[in-house]
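As a plain string of letters, each chain reads:
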Amino acid sequence: MSEAPPAGPGSAEPGADSAEPRSGTPHRRAAATLFGLALTVLAADAATKHLALGALEDREPVRLLGGAVYLSLTRNSGAAWSIGADYTWVFPLITLGVVGWIVWMALRLRSLPWAISLGLVLGGALGNFADRVFRAPGWFVGHVVDMVSVFAPYGRVFPVFNLADSALVCGVLLALLLELTGRQRDGSRIGHGESSDEAAAQADAGQRERA
């Protein structure tokens, strides 16, 4: 039997062309986390609104946790405290801009914490966007279904909100925390050098050169 010729400097190992680049894995993981979480939030928000409409319609507020939380069904045409109620059509346009920006960010995202943050924001934005588009009184002027009021019914202390609002707020707060701690959307961290994936890629390149 003849021996296989030794691999030269320009030859590739079997399967090397089909192997997945190391840098592609964190991007796909981050993108899957972002869109998976967004879909989960969207589905949960739709389910809670459906339940609220069925259980709280034409009913007095339900008092929970000794009055710390009330379930009060309301329909909001504006933002918090009904701000901008006469300009309902503006909110879907703002949401479309936010969704477009998040999708653009997802193309280069490599950080799981940022994926969670943007996934919460995207899911929350889409949850209320669906209300604006599909609910009464009409397309793009629909009223958002809210049902959670804290410390007093009907938003007397704090605006009535829903699960989508909660996801939005949590996502924005997490984004602020990530910015303050220097965590970048490409997986690196300001003041801490290159990301671990970049360091691993450079180490592999150095080993190949020495070989």
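Just so we're clear, the structure is a prediction, and the values are computed from it rather than from any experiment.

Quick word on the confidence of the model for the protein
Link 1 in the chain: Across the protein, the average pLDDT comes to 83, with 75% of residues at or above 70.
Link 2 in the chain: Confidence drops under pLDDT 50 across residues 8-23; counting only partners more than four residues distant or on other chains, this segment forms eight contacts.

As for the pairing of strand E2 (residues 69-76)
Link 1 in the chain: Extensive coverage of E2 is indicated by the burial of six of its eight residues.
Link 2 in the chain: Both strand E1 (residues 62-64) and E2 contribute to a ladder of three bridges, which runs antiparallel. For Leu64, the partnering residue across the bridge sits in E2 and is Val69.
Link 3 in the chain: Linking E1 back to E2 in an antiparallel pair, the connection comprises four residues, with Leu65 at a positive phi of about 55°.
Link 4 in the chain: For E2 and strand E3 (residues 144-150), the ladder comprises six bridges, and the chain directions are antiparallel. Across the sheet, Tyr70 pairs through a bridge with Ser149, a residue of E3.

Re the environment of Val90
Link 1 in the chain: You can see Val90 is positioned in helix H2 (residues 90-106).
Link 2 in the chain: Considered as a pair, Val90 and Gly78 are 12 residues apart in the sequence and their alpha carbons are 9.4 Å apart.

Some thoughts on H2
Link 1 in the chain: Helix length check: H2, at 17 residues, gives a terminal C-alpha distance of 25 Å against a target of 24 Å (1.5 Å per residue), a fit within 8%.
Link 2 in the chain: Among the residues of H2, Pro92, Thr95, Val99, Ile102, Met105 and Ala106 are the ones counted as buried. An end-on view of H2 places all buried positions within 140° of arc, on one side of the element.

Conventions used here
- Residues numbered from 1 in each chain as written.
- Predicted model: local features only at pLDDT ≥ 70, side-chain atom pairs only at ≥ 80, totals over all residues.
- Heavy atoms only, no water.
- pLDDT = per-residue confidence, 0-100.
- Contact = heavy atoms within 4.5 Å.
- Buried < 20%, exposed > 50% of the residue type's maximum accessible area, 1.4 Å probe, protein only.
- Helix = DSSP H or I, 4+ residues; strand = E, 2+ residues; numbered from the N terminus.
- Pairing = 2+ DSSP bridges.
- Expected span 1.5 Å × (residues − 1).
- Arc of directions from axis to C-beta.

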